[in-house]
Amino acid sequence: MEGRRRRAGRWLRSRRAVPTALVVAVLLVAAGTLLYDVVAVRAGGQARPWRRELSEQLATRHLDDPWVLGIAGGAVVLGLLLLWLAFARGLRGWLALEPRGAAIHRTAVAALIARRAQQRADVHSWQVKVGRRRTRVTLAGTTDAAGAERELRAELARIPLAAPHRLDVRTKPVHARHHRRELAELEPPR
């Protein structure tokens with residue numbers, strides 16, 4: 001059961017996963033072929049005909065040659081593709097849910113936990129940070145730490161997360177001089 005739940009977190013696949021895999025496969029094959037040829041030459045063998053031809057073409061062609069410009073354009077397109085893959089929005093902000101393919105955003109989980117925390121009368125302020133495997137909650141006020149943690153765990157258990165998720169609840173007292181300012185910063189319940 002535990003192994004199935006660990007694999008469940010990998011159900012989500014970004015749109016960039018397939019192009020990334022293809023680009024990596026092409027680059028690995030090209031780099032491996034070139035490395036094999038270089039090692040063969042260093043070991044005393046002959047360079048492959050394609051490498052000798054490529055070296056000769058690079059030495060004799062001018063920069064304004066259509067072949068050189070085409071290869072340079074292809075390198076630019078490949079570079080832009082790699083930049084897009086690097087900066088494209090992934091799925092790191094999402095958590096997989098138990099029905100395969102469903103997901104919930106981490107901010108939504110944080111909002112659910114924060115709403116449960118603000119329902120307690122003895123909590124004056126709260127901070128919720130939801131990570132990929134752990135949620136950290138800091139509560140300020142005169143709250144009972146064990147009771148607050150029990151309620152927040154129950155709220156987190158209502159979300160059918162596919163992978164195990166840890167909840168860390170910390171409490172800190174409210175100082176009298178900051179009490180009024182923190183109460184003014186509370187969000188109204190929605």
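Everything discussed here concerns the structure shown above.
Participant: Explain the nonpolar core residue by residue, including any values.
Facilitator: Judged by nonpolar contacts, the single largest core of 21 residues is most densely connected at Val-109, Val-128, Val-137, Leu-139 and Leu-152. Those elements that place two or more of their residues in this core are helix H5 (106-118), strand S3 (123-130), strand S4 (134-141), helix H6 (145-157) and strand S5 (166-172). Take this core: its biggest share by element is five residues, from H5. Apart from the residues within four sequence positions on either side, Leu-139 is in contact with Ala-117, Val-123, Ser-125, Trp-126, Ala-148, Leu-152, Val-169, Arg-170, Thr-171 and Lys-172.

Participant: So what's going on with the sheet that holds S5? Residues and values would help.
Facilitator: Judged by pairing direction, the sheet is mixed, and its three strands sit side by side in the order S3-S4-S5 without closing on themselves. Looking at the sheet topology across the chains shown, the edges are occupied by S3 and S5. Averaged over all pairs of adjacent strands, the angle between strand axes in this sheet comes to 15°, irrespective of strand direction. As judged from the seven bridges shared by S4 and S5, these two strands associate in the parallel manner. Residue pairing in the sheet places Val-137 in a bridge with Val-169 of S5. Here H5 sits on the sheet in contact with S3 and S4, set at roughly 160° to S3. Relative to S5, H6 is tilted by about 150°, and along the sheet it contacts S4 and S5.

Participant: Residues and numbers for the packing of helix H2 (residues 17-42) against helix H4 (residues 66-87), please.
Facilitator: Remark: H2 packs on H4, axes separated minimally by 10 Å, with the N-to-C direction vectors making an angle of 135°. Taken as axis vectors, H2 and H4 run oblique relative to one another. The interaxial crossing formed by H2 with H4 has left-handed handedness. From H2, Pro-19, Thr-20, Val-23 and Leu-27 reach across to H4, where they touch Leu-78, Leu-81, Leu-82, Trp-84 and Leu-85. Its residues placed into classes, the contact of H2 with H4 shows eight nonpolar, one polar and no charged.

Participant: Tell me about the pairing of S3, residues and numbers included.
Facilitator: Burial analysis of S3 places six of its eight residues in the buried class, which makes it a mostly covered element. One ladder, built from seven bridges, connects S3 with S4; its direction is antiparallel. Bridge pairing links Gln-127 to Thr-138 in S4. From the end of S3 to the start of S4, which pair antiparallel, there are three residues.

Participant: Which residues make up the pattern of salt bridges, and what values go with them?
Facilitator: Inspection of the entire model under this criterion finds nine salt bridges. The salt bridge partner of Arg-116 is Glu-155, with a shortest N-O separation of 3.1 Å. Of this pair, Arg-116 sits in helix H5 while Glu-155 sits in helix H6, and the two are 39 residues apart along the sequence. Since its relative accessible area comes to 24%, Arg-116 is described here as partly exposed. For Arg-120, the salt bridge is made with Asp-122, and the minimal N-O distance between the two is 3.3 Å. Here the residues in one salt-bridge network are Arg-116, Glu-155 and Arg-158, joined through shared partners.

What counts, and where the lines are drawn
- Residues numbered from 1 in each chain as written.
- Predicted model: local features only at pLDDT ≥ 70, side-chain atom pairs only at ≥ 80, totals over all residues.
- Heavy atoms only, no water.
- Core = buried A, V, L, I, M, F, W, Y, C linked by side-chain atoms within 4.5 Å.
- Buried < 20%, exposed > 50% of the residue type's maximum accessible area, 1.4 Å probe, protein only.
- Helix = DSSP H or I, 4+ residues; strand = E, 2+ residues; numbered from the N terminus.
- Contact = heavy atoms within 4.5 Å.
- Pairing = 2+ DSSP bridges.
- Axes fitted to C-alpha atoms, helices over the stretch in contact; angles between N-to-C directions.
- Parallel < 35°, antiparallel > 145°, perpendicular 65-115°, else oblique.
- Left-handed = near helix turned anticlockwise from the far one by under 90°.
- Nonpolar A, V, L, I, M, F, W, Y, C, P; charged D, E, K, R; others polar.
- Salt bridge = Lys/Arg side-chain N within 4 Å of Asp/Glu carboxyl O.

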